[in-house]
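Results of the structural survey
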Amino acid sequence: MALGKNYEGQDCSLARALELVGERWTLLVVRDALYGVRRYGDFLAHLDIPRAVLSQRLQALVEAGVMERRPYQDSPPRDEYVLTEMGRELWAPVHLLARWGERHLSANGPHRIFDHQPCGTRLDRDGLCPACGARPPLEEIEVRPGPGADRTRQDPVSVALRRPHRMLRPLPG
């Protein structure tokens, strides 16, 4: 029996969430936005995603209220994509899923390390700061490369993420 194409008719919050963020590439777009990627070309270069797929994923995230489009240039007109509060709430599941992948599917260790900057302490696998016990706001979290990070890619996002960087802060681009 073939699986259906959606979760219509299922009375399940997880199914409804997967309808929005469960398609291939969507959580990677959200992950990059959490890292500070905002511009279409940067998403495109860093994710190696087909243009049509990226356009579709960004549009779906905007329509759902996870991201919003903001103009950043008038001539020619260009927009950037910024996470809304709804989108920022995806940090916890993205972080937990990435940590799960590191524990079970990554031979070289974490690709990214997250520190609570005011305490200077690495977040634990649940996203908490062991030093102060807080679940830090994204603006207080610094991301830096871990031992499993790919240091061979040369796109602007990969190069920028080789240096410590605050979450949500726009990457140079």
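Here's what I pulled together on the structure shown here. Because the structure is a prediction, the values reported are computed rather than measured.

1. Let's talk about the overall build of the protein
- Scanning the protein for helices and strands turns up seven helices and six strands.
- Going from N to C terminus, the protein has its helices and strands arranged as α-α-α-α-β-β-α-α-β-β-β-α-β.
- Whereas a compact globule of 173 residues would reach a radius of gyration of roughly 16 Å, the protein reaches 17 Å, a difference of no more than 12%.
- If you line up the protein on its principal axes, its C-alpha atoms span 50 × 45 × 30 Å.
- Residue burial in the protein is summarised as follows: out of 173 residues, 38% are buried.
- Long-range contacts, defined as pairs at least 24 residues apart, comprise 52% of the intrachain contacts of the protein with a sequence gap of at least 6.

2. Brief notes about the state of the cysteines
- All chains considered together, the criterion is met by zero disulfides.
- For the unlinked cysteine Cys129, the closest cysteine sulfur is that of Cys132, found at 3.7 Å.
- Relative accessible area serves as the criterion here: at 1%, Cys129 is assigned to the buried category.

3. Describing the side chain of Thr121
- Tracing the backbone through its elements, the reader meets Thr121 in strand β4 (residues 121-122).
- In this structure Thr121 touches Phe114, Asp115, His116, Cys129, Pro130 and Ala131, once residues within four positions along its chain are discounted.

4. What to know about the pattern of salt bridges
- All chains considered together, the criterion is met by 11 salt bridges.
- In this structure, the salt-bridge partner of Glu85 is Arg88, at a minimum N-O distance of 3.7 Å. One end of the pair, Glu85, and the other, Arg88, are both in helix α5 (residues 85-88), three residues apart, so they sit about a helical turn from each other.
- You can call Glu85 exposed: its relative accessible area is 52%.
- Residues joined in a network through salt bridges with shared partners are Asp48, Arg153 and Asp155.

5. Quick look at the sheet that holds β4
- On the basis of which strands lie adjacent, the open sheet formed by four strands has the order β4-β3-β5-β6 and antiparallel pairing. Of all the strands in the sheet, the pair left with one neighbour each is β4 and β6 (165-166).
- Pairing of strand β3 (residues 112-116) with strand β5 (residues 141-145), which is carried by five bridges, proceeds in the antiparallel orientation. Among the inter-strand pairings, Asp115 is bridged to a residue of β5, identified as Glu142.

6. Describing the packing of aromatic side chains
- As enumerated under the stated definition, the model contains two aromatic pairs in all.
- Taking 5.0 Å as the distance between ring centres and 70° as the angle between the ring planes, the aromatic pair formed by Trp91 and Phe114 counts as edge-to-face. Residue Trp91 is located in helix α6 (residues 91-105), and its partner Phe114 is located in strand β3; the two are separated by 23 residues in the primary sequence. As far as the burial class goes, Trp91 and Phe114 line up, both buried.
- Taken together, the ring pairs connect Tyr35, Trp91 and Phe114 into an aromatic cluster.
- The ring of Tyr72 has Arg39 sitting right over it, with the charged end atom 3.8 Å from the ring centre.

So, how was this worked out
Residues numbered from 1 in each chain as written. Predicted model: local features only at pLDDT ≥ 70, side-chain atom pairs only at ≥ 80, totals over all residues. Heavy atoms only, no water. Helix = DSSP H or I, 4+ residues; strand = E, 2+ residues; numbered from the N terminus. Rg over C-alpha atoms; globule rule 2.2 N^0.38 Å. Buried < 20%, exposed > 50% of the residue type's maximum accessible area, 1.4 Å probe, protein only. Contact = heavy atoms within 4.5 Å. Disulfide = S-S within 2.5 Å. Salt bridge = Lys/Arg side-chain N within 4 Å of Asp/Glu carboxyl O. Pairing = 2+ DSSP bridges. Phe/Tyr/Trp six-rings, centres within 6.5 Å; stacked < 30°, edge-to-face > 60°. Lys NZ or Arg CZ within 6 Å of the ring centre and 35° of its normal.

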